[in-house]
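The lines below spell out each chain.
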Amino acid sequence: MTAKKPKASDKPKEGASKSKGAGGRPSKYKPEFARQAALLGKKGCTDPEVAEFFDVAISTVSLWKLKHPEFSEALKLSKAEADLRVERALFERATGYRCREDDVRVVDGEVVVTTTDKQYPPDPTSMIFWLKNRKPENWRDKPEGFNDDAPPPAAVTVTVVSGRKRADT
């Protein structure tokens, strides 16, 4: 058996990397993207919205999160911060809250600004949402142990055999 002679096309080109995976398009990622991702996360953007902002596919954002820890952390921390703000707002709606408002009116041709405390009552829908998510064992729609497959209770039929007619007085 004779060894095959290598072809010229089998030789690596000059300046080419010998490591696998070195080919392909260069990454669009830039270090400043981490700061931009943090701002997007604080605004409540989702990964698809982040991808749209950077004009890349969602898979690219996922890859950036794997390859660039600073990008991943920026998104994680800023999204957590946005979530906390929403949780706090939901809690305030569920329990009621008070805030200061400026009432601006024109009285006798003059602008009058009056600062008032406005009270917002608790919102039952927010309460239910909060409780169903925080204490599902107590507040779910179907209580624990409820069985959809259980047969309905037996029907009871009452037949009157005799009776007296009531006289109207």
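Everything discussed here concerns the structure shown above.
Quick caveat, the model's predicted, so the values are computed rather than measured.

Colleague: Describe the side chain of Ser126, and please don't skip the residues or the numbers.
Modeller: Summarising the element assignment, Ser126 is placed in helix H5 (residues 124-134). Polar side-chain contacts of Ser126 include one of 2.7 Å to the side chain of Asp123. Contacts of Ser126, omitting those with residues within four sequence positions, involve Leu90, Arg93 and Ala94.

Colleague: Give a detailed account of the pattern of salt bridges, specifying residues and quantitative values.
Modeller: Pairing between side chains becomes possible if they bear opposite charge and their charged atoms approach one another. Counted according to the given criterion, the structure contains nine salt bridges. With a closest N to O distance of 2.5 Å, Asp47 and Lys65 form a salt bridge. Taken as a pair, Asp47 in helix H2 (residues 47-54) and Lys65 in helix H3 (residues 58-67) lie far apart in primary sequence, 18 residues in all. One salt bridge connects Lys79 with Asp47, and the closest N-O pair in it is separated by 2.5 Å.

Conventions adopted
- Residues numbered from 1 in each chain as written.
- Predicted model: local features only at pLDDT ≥ 70, side-chain atom pairs only at ≥ 80, totals over all residues.
- Heavy atoms only, no water.
- Helix = DSSP H or I, 4+ residues; strand = E, 2+ residues; numbered from the N terminus.
- Polar contact = N/O pair within 3.5 Å; in protein donor to acceptor, adjacent residues only side chain to side chain.
- Contact = heavy atoms within 4.5 Å.
- Salt bridge = Lys/Arg side-chain N within 4 Å of Asp/Glu carboxyl O.

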